[in-house]
Amino acid sequence: MTVDLDWNNLGFDYMKLPFRYISHFKDGKWDDGELTDDATLHISESSPSLHYGQQGFEGLKAYRTKDGHIQLFRPDQNAARLQKTAERLMMAPVPTEKFVDAVVQVAKANEDYVPPYGTGATLYIRPLLIGVGPVIGVQPAPEYIFTVFAMPVGPYFKGGFKPTNFVVSYDYDRAAPHGTGAAKVGGNYAASLIPGQNAHHTGYSDVIYLDPATHTTIEEVGSANFFGITKDGTFVTPKSPSILPSITKYSLLWLAEHRLGLKVAETTIKIDELDDIAEAGACGTAAVVAPIGAIDIKDKHHVFYSETEAGPITTKLYEELTGIQFGDVEAPEGWIVKVD
Ligand code: PLP
Ligand code: COI
């Protein structure tokens, strides 16, 4: 039985649910991990995650299907990305099986909070890996905590599947050319707080970051990857070592090619050559597929398909992706993991 919440009007906000998972890495190995009702972490004041940013996280969702079951979308991909993040920051990796098992346990334990089918809302799941223990020199932690918590959420960008506007950042970058842009680490998001807040205060949904070395090509959005549909019907998305490899983006690339019959390319998208792009969007777990109405580039207002209406291909991609996630459209093999 789901709890009584205003499912149709959820935002993207923290909510403390009954259960979360926690596991400790000590003396070179992970313990079995367990569900707990304690939502507070107790760690050394000298933990490297607090001082030196030795931490990483993930984001994925549990979906309620029409027949009332609960399912996950490609959790093995989140596990693999957290392993890459762990490698980049010299953290203890979480094995895929342990990661997926933890996510399943959290979704199941909090099943009353998985939003009903048809509301568009989902259970957002946040796995977190942090370096802990008494270390004061800049070095990797001796111990790690892997925790997974969750909360029901609605759309990340206002209005859900409706075009909104974004602004290009020239004053701030989220990542350095050979930095940690491809890892899902808190530091990238700390770097995005000022430009993100400036964007929100001036009415934009989020920031579009350019390549940090030359500021000439599109990298990604503060909270999502960028994609476009060119006038000749190619799905294009930036290729760069300093963007987060979005699981949603790679899923859309596959769907665009194999389900919609489009050409696809990971390529360079120049900020001063956008006239070829007919439709644009932001994609990610939280963002889902969010049509981009227009972007402001210095004093230029560049409109893509429309500022009020999503383009036809963006709409098809949204329907195909969410259809798979909610169990209405047949999924490619291995994309769906059933929770119950
Ligand atoms: N880029 C950034 C900076 C993000 O925070 C996210 C969200 O996870 C994404 C891209 C999209 O990645 P994914 O589709 O794996 O959620
Ligand atoms: C996600 O989509 O899971 C993210 O991590 C984006 C975050 C900014 C909410």
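Sequence order as written defines residue numbering, which begins from 1 separately in each chain. Key to labels: chains lettered from A, ligands numbered from 1, both in the order written. Two thresholds apply to this predicted model, a pLDDT of at least 70 for residue-level local features and 80 or more for giving and counting side-chain atom pairs, whereas whole-chain, interface and lining totals are computed over all residues. Side-chain measures were taken over the full set of non-hydrogen atoms in the model, leaving aside hydrogen atoms and water.

Quick look at the site of ligand 2 now. Any residue with a heavy atom lying within 4 Å of a molecule or strand is counted as near it. F12, F57, G59, Y124, R126, Y156, K184, S223, T285 and A286 make up every residue found near ligand 2. In protein, a polar contact means a hydrogen-donor-capable atom and an acceptor-capable atom, both N or O and within 3.5 Å, with residues adjacent in sequence counting only if both atoms are side-chain atoms; elsewhere, any N or O pair within 3.5 Å suffices. The backbone of A286 places a nitrogen or oxygen atom 2.8 Å from an oxygen atom of ligand 2. With the chains in place, 90% of the 290 Å² that ligand 2 exposes on its own is no longer accessible. By the convention adopted, Pro, Cys, Tyr, Trp, Phe, Met, Ile, Leu, Val and Ala count as nonpolar, Lys, Arg, Asp and Glu as charged, and the other residues, Gly among them, as polar. Residue classes in the shell around ligand 2 are distributed as five nonpolar, three polar and two charged. Where accessible areas are quoted, they stem from the Shrake-Rupley method and a 1.4 Å probe; at the residue level, only the protein chains shown are allowed to cover.

On to the pattern of salt bridges. Salt bridges, as used here, are contacts in which a Lys or Arg side-chain nitrogen is within 4 Å of a carboxyl oxygen on Asp or Glu. For the structure on display, the rule yields four salt bridges. For E220, the salt bridge is made with R174, and the minimal N-O distance between the two is 2.8 Å. Residue E220 is located in strand 11 (residues 218–221), and its partner R174 is located in the loop between strand 9 (164–169) and helix 4 (186–191); the two are separated by 46 residues in the primary sequence. Both residues of the pair, E220 and R174, count as buried. Put simply, DSSP marks the helices as runs of H or I at least four residues long and the strands as runs of E at least two long, and each gets a number from the N terminus on. Only protein chains enter the accessibility calculation, which uses a 1.4 Å probe. A residue is then buried if its area is under 20% of the maximum for its type, exposed if over 50%, and partly exposed in between.

Turning to the side chain of E220, a few remarks are in order. Residue E220 is classed as buried on the basis of its relative accessible area of 3%. One polar contact links E220 to R174, side chain to side chain, over a distance of 2.8 Å. For E220, the side chain forms a polar contact with the main-chain nitrogen of L244, separated by 2.9 Å. We call two residues in contact when some of their heavy atoms are within 4.5 Å. Contact partners of E220, with chain neighbours within four places excluded, come to R174, G181, V207, I208, Y209, N225, F226, S242, I243 and L244.

Once that is clear, we can look at the environment of A286. Tracing the backbone shows A286 in the loop between strand 15 (277–284) and strand 16 (288–297). Separated by 121 residues in sequence, A286 and N165 have C-alpha atoms that sit 17 Å apart. Filtering out sequence-adjacent residues up to four positions away, A286 remains in contact with F12, K61 and Y156.

An automatic or database domain assignment supplies the residue ranges for each domain. With domains assigned, the protein is organised as domain 1 (7–153) and domain 2 (164–325). Using C-alpha coordinates to define each centre, domain 1 is positioned 25 Å away from domain 2. Opposite the 19 residues of domain 1 that make contact, domain 2 presents 20 residues. Note: buried area is the sum, over both parts, of the accessible area (probe 1.4 Å) each one loses when the two are combined. When the two sides are added together, the surface that domain 1 and domain 2 hide from each other amounts to roughly 1,600 Å², 61% of it contributed by carbon and sulfur. Among the residues of domain 1 in contact with domain 2, F57, F73 and R81 are the three that bury the most area, contributing 38% of the side total. Taken together, the links from domain 1 to domain 2 amount to zero salt bridges. Linking domain 1 to domain 2 there are 11 residue pairs in polar contact (both at pLDDT 80 or more). Those elements that place two or more of their residues in the side of domain 1 that touches domain 2 are strand 4 (55–57), strand 5 (60–64), strand 6 (70–73) and helix 2 (75–88). In terms of residue class, the side of domain 1 that touches domain 2 is built from seven nonpolar, seven polar and five charged.

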